[in-house]
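Residue strings, one per chain:
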Amino acid sequence: MTEPLVSRMRSFGTTIFAEMSALAVRTGAINLGQGFPDTDGPAAMLDHAVHAIRSGANQYPPGPGVTELRQAVSEHREEHYGLSYDPDGEILVTVGATEAIAAAILALCEPGDEVIAFEPYYDSYAASIALAQARLVGVTLRPDGGRFAFDPGELRAAITPRTRVILVNSPHNPTGTVFTREELTLVAELCREHDLIAVTDEVYEHLTFDGVEHVPLATLPGMRERTVMISSAGKTFSVTGWKTGWICAPAPLVGAVQTVKQFLTFTASAPWQAAVAYGLRHEREWVAALRASLQDKRDRLMEGLAAAGFEVFRPAGTYFVQTDIRPLGFDDGVALTRRLPELAGVVAIPTQVFYEHAERGRPFVRFAFCKKDEVIDEAVTRLKRLSG
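Residues numbered from 1 in each chain as written. Predicted model: local features only at pLDDT ≥ 70, side-chain atom pairs only at ≥ 80, totals over all residues. Heavy atoms only, no water.

**Student:** I would appreciate a short explanation of the overall build of the protein chain in the present structure.
**Tutor:** A tally of helices and strands in the protein chain yields 13 helices and 15 strands. The C-alpha extent of the protein chain, read off along each of the three principal axes, is 60 × 55 × 50 Å. Here the protein chain holds 388 residues, and the buried ones make up 57% of them. When contacts within the protein chain are restricted to residue pairs at least 6 apart in sequence, long-range pairs at least 24 apart make up 75% of them. Each charge class in the protein chain was averaged separately, 37 positive and 48 negative side chains, and the resulting centres sit 4 Å apart. (Helix = DSSP H or I, 4+ residues; strand = E, 2+ residues; numbered from the N terminus. Buried < 20%, exposed > 50% of the residue type's maximum accessible area, 1.4 Å probe, protein only. Contact = heavy atoms within 4.5 Å. Lys, Arg positive; Asp, Glu negative; His and termini not counted. Charge placed at Lys NZ, Arg CZ, Asp CG, Glu CD.)

Structure follows, in structure tokens:
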């Protein structure tokens, strides 16, 4: 029998997250790889989900999403960013941000179109672009002054007549970079100059640290009309398993994405949608406390990683700390992370799997700090074995 999988997807096997999480289970290692919290979201929001289930919200919700959630998202965009989106036509609820990104790329790209993404990038980006038979063009983020940043000249040079979309993830997974207003202004200028659509992955929008500001690209001049703005409840409320996300965009872009989305999942998660609407309206203080807690956890893990011998980059947002393994005498992140359970009883993620040009990420390894303090402390104790 010939290979059943279409050729454009053959390079996408089991995700690195599944591989490393399985390695953690098999070895009993502490899992600082996959970015999911080990505590629950706000209790009142969880109770709203239970109430919705018991009240009969268990059938198909409307295709665009539950009205209450679309209204709550609209209010949230206005309150936080001064962006006005009509809940009837400019907001679409999705099965998490991952579906939103896939549906947007499939809806907006013809075969052969080019999509610019900043590498390292979340692994679903490359798969979604391949499914659309488009071409990914990576612009590399490199260490610069303690953070990862792009070269403006490289970004300009990446644009060709085939470029259709710039995919912007800020706060950025896996580097923890939060793009500055200056960096985003350049992206906006290039989008306007070359008539490009921006797809923005902003799932960590509320998880920034040290007073760093998250600036949505859609707030910059001329960008609301050409931006598909994506976010979700998973990271904001520590409910990654709910897979409830949304896009905000002008009606023609929302209509394009919904045309594809309706044939992927059509709709989902009616009880979670009602609960997330409550969360967006009433759990602001809980989110602020989460952000402060994560900043403390970040500092706790960074200190331990530095003591173990890693070079550590200070993330301005997300769940993740990026490290350079070369001071420890290693130069291959994949090889080290596969041995790390044996060496230190900890699982991490090799950053090179998130690059178009894997060699550029070879010496970097990502650790997640969205875990209980006692889990981080035990991981730090185990990682000290490396310095010995």
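**Student:** For this particular structure, what's the right way to read the pattern of salt bridges?
**Tutor:** Pairing of side chains with opposite charge becomes possible as their charged atoms draw close. Inspection of every chain in the model, using the stated rule, returns 26 salt bridges. Two residues, lysine 261 and glutamate 99, come together in a salt bridge whose shortest N-O distance is 3.1 Å. Within this pair, whereas lysine 261 is found in helix H9 (residues 251-261), its partner glutamate 99 is found in helix H4 (residues 96-108), the two being separated by 162 residues in sequence. Neither lysine 261 nor glutamate 99 differs from the other in exposure class; each is buried. Bridged by salt links that share partners, the residues Asp210, Arg298, Asp299 and Arg314 form one connected network. (Salt bridge = Lys/Arg side-chain N within 4 Å of Asp/Glu carboxyl O.)

**Student:** Explain the packing of aromatic side chains to me, please; I cannot follow it from the model alone.
**Tutor:** Tallied over the full model, the rule gives 14 aromatic pairs. Summarising the aromatic geometry, the rings of tryptophan 242 and tryptophan 272 are spaced 5.2 Å apart at their centres and angled 20° between planes, so their arrangement reads as stacked. One end of the pair, tryptophan 242, is in the loop between helix H8 (233-236) and strand E10 (245-248); the other, tryptophan 272, is in helix H10 (residues 270-282), with 30 residues separating them in the sequence. Stacked on the ring of phenylalanine 320, the Lys or Arg arginine 366 has its end atom at 3.6 Å from the ring centre. (Phe/Tyr/Trp six-rings, centres within 6.5 Å; stacked < 30°, edge-to-face > 60°. Lys NZ or Arg CZ within 6 Å of the ring centre and 35° of its normal.)

**Student:** Would you explain the layout of surface pockets in this entry?
**Tutor:** Rolled over the atoms, a probe as big as a water molecule pinpoints where empty space is left. What the largest pocket holds in volume is close to 940 Å³. The wall of the largest pocket is formed by 39 residues, among which Thr15, Phe17, Tyr122, Asp123 and Ser124 lie closest to the centre. Mapped by element, the contributors of at least two residues to the lining of the largest pocket are helix H1 (16-27), H4, helix H5 (123-131), H8 and helix H12 (333-344). Across the lining of the largest pocket, the residue classes tally to 17 nonpolar, 15 polar and 7 charged. (1 Å grid on protein atoms, 1.4 Å probe; cavity = no way out; pocket = protein on both sides within 12 Å on 5 of 7 lines; lining within 4 Å. Points joined across faces, edges and corners; volume = space filled by probe spheres on them. Nonpolar A, V, L, I, M, F, W, Y, C, P; charged D, E, K, R; others polar.)

**Student:** For this particular structure, what's the right way to read the environment of tyrosine 121?
**Tutor:** Inspection of the secondary structure assignment puts tyrosine 121 in the loop between strand E3 (114-119) and H5. Tyrosine 121 gets classed as buried once you look at its relative accessible area, which sits at 6%. When the C-alpha positions of tyrosine 121 and leucine 220 are compared, they lie 23 Å apart, and in sequence the two are 99 residues distant. Beyond its immediate stretch of four places on either side in the chain, tyrosine 121 contacts Ala126, Leu136, Asn173, Pro174, Phe354, Tyr355 and Glu356.

**Student:** Explain the side chain of serine 231 to me, please; I cannot follow it from the model alone.
**Tutor:** Considering the arrangement of structural elements, one finds serine 231 in strand E9 (residues 227-232). Within the structure, serine 231 has its side chain in polar contact with the side chain of glutamate 205 (distance 2.6 Å). For serine 231, the residues in contact, after removing those within four places along its chain, are Arg77, Ala97, Glu202, Val203, Glu205, Gly245 and Trp246. (Polar contact = N/O pair within 3.5 Å; in protein donor to acceptor, adjacent residues only side chain to side chain.)

**Student:** Which parts of the structure should I look at to understand the sheet that holds strand E12 (residues 320-324)?
**Tutor:** Strand pairing in a sheet is mediated by backbone hydrogen bonds. Such pairs are either parallel or antiparallel. Spatially, the 4 strands line up as an open sheet ordered E11-E12-E15-E14, and their pairing is antiparallel. Of all the strands in the sheet, just strand E11 (311-313) and strand E14 (349-350) have a single pairing partner and so form its edges. By the bridge criterion, 2 bridges tie E14 to strand E15 (residues 364-368) in an arrangement that is antiparallel. Looking at E15, one finds that isoleucine 349 is bridged to arginine 366. (Pairing = 2+ DSSP bridges.)

**Student:** Would you explain the sheet that holds strand E7 (residues 163-169) in this entry?
**Tutor:** Here we have 7 strands laid out as an open sheet, ordered E2-E10-E9-E8-E7-E3-E4, and mixed in their pairing. Of all the strands in the sheet, the pair left with one neighbour each is strand E2 (91-94) and strand E4 (135-140). Across the sheet, the mean angle from the axis of one strand to that of its neighbour is 20°, orientation sign disregarded. Relative to E10, E9 runs antiparallel, the two being bridged by 4 bridges. Considered in E10, the bridge of methionine 229 is made with cysteine 248. Set on the sheet, H4 makes contact with E2, E3, E7, strand E8 (197-201), E9 and E10; between it and E9 the angle comes to about 160°. (Axes fitted to C-alpha atoms, helices over the stretch in contact; angles between N-to-C directions.)

Shape descriptors only; they carry no functional weight alone.
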